[in-house]
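Coordinate inspection notes
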Amino acid sequence: FLALVHHRTRVPANAVLLVAVVSLAVGLPVALRDDGLALLVTLVSFGALVAFLIVHVAVVWHFTVRSRSRRWIRHLLLPAAGCGLLVTVILHAKPEAQFLGFGWLALGALIAVVMYVTGHRPTWSAPETEAR
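Before going into details, it helps to say that this report is about the structure given with it.

Rules used throughout
- Residues numbered from 1 in each chain as written.
- Predicted model: local features only at pLDDT ≥ 70, side-chain atom pairs only at ≥ 80, totals over all residues.
- Heavy atoms only, no water.
- Phe/Tyr/Trp six-rings, centres within 6.5 Å; stacked < 30°, edge-to-face > 60°.
- Helix = DSSP H or I, 4+ residues; strand = E, 2+ residues; numbered from the N terminus.
- Buried < 20%, exposed > 50% of the residue type's maximum accessible area, 1.4 Å probe, protein only.
- Salt bridge = Lys/Arg side-chain N within 4 Å of Asp/Glu carboxyl O.
- 1 Å grid on protein atoms, 1.4 Å probe; cavity = no way out; pocket = protein on both sides within 12 Å on 5 of 7 lines; lining within 4 Å.
- Points joined across faces, edges and corners; volume = space filled by probe spheres on them.
- Nonpolar A, V, L, I, M, F, W, Y, C, P; charged D, E, K, R; others polar.
- Core = buried A, V, L, I, M, F, W, Y, C linked by side-chain atoms within 4.5 Å.
- Contact = heavy atoms within 4.5 Å.

1. A look at the packing of aromatic side chains
- For the coordinates displayed, the defined rule picks out 1 aromatic pair.
- Residues F46 and F102 carry aromatic rings whose centres are separated by 5.2 Å and whose planes lie at 90 degrees to one another, so their mutual orientation is edge-to-face. Here the residue F46 occupies a position in helix α2 (residues 36-66), and F102 occupies one in helix α4 (residues 95-117), the gap between them amounting to 56 residues.
- Given the relative accessible area of 2%, F46 is considered buried.

2. Comments concerning the pattern of salt bridges
- Here the structure, examined in full by the defined rule, presents 2 salt bridges.
- Among the ionic pairs, D35 bridges to R33, the shortest N-O distance being 3.0 Å.
- Across the salt bridge formed by R33 and E96, the nearest N and O atoms sit 3.7 Å from each other. Remark: E96 occurs in helix α4 and R33 occurs in the loop between α1 (13-31) and α2; sequence separation between them is 63 residues.
- Using a relative accessible area of 33% as the deciding quantity, one classes E96 as partly exposed.
- Put simply, R33, D35 and E96 are held in one network by salt bridges that share partners.

3. A look at the layout of surface pockets
- For the largest pocket, the calculated volume is near 1,500 Å³.
- When contributions to the lining of the largest pocket are tallied by element, the ones reaching two or more residues are α1, α2 and α4.
- Class assignment of the residues belonging to the lining of the largest pocket gives a composition of 26 nonpolar, 9 polar and 2 charged.

4. A few points about the nonpolar core
- With 11 residues, the main nonpolar core is built from V30, L39, L43, F46, V50, L53, C83, L86, I90, A93 and A97.
- Of all elements in the fold, only α2 and α3 (72-91) reach the threshold of two or more residues within this core.
- Sort the elements by how many residues they give to this core and α2 lands first, with 5 residues.
- In this structure, L53 is in contact with C83, L86, V87 and I90, ignoring residues within four places of it in sequence.

Have a look at this one:
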């Protein structure tokens, strides 16, 4: 359902719609709180920080573990330092942002595990190029 790509725009339309609905469902009630705007900003920042953390881990995994790169500074030391900095900032975020952010991350991980266990593994392919 979420992988459906619109034929004309090539956008995962159902996924975009789901994100919009969840954003409204979370954002509107939170925005009505006294500290709502600050909390929403923290939530968005928290999500971005976790995403960057995952990218750093992926760089280490891909280059150092899978490709056995010997460029230790570029592919291990710098991403590890970035991970340390990101973890420090994440651990100092508001508890509400941590709860929602880690909950959302856990939900995504659970969905990924269920998909793998049930044999619905993702297929990775290069996007089709448009003829000009």
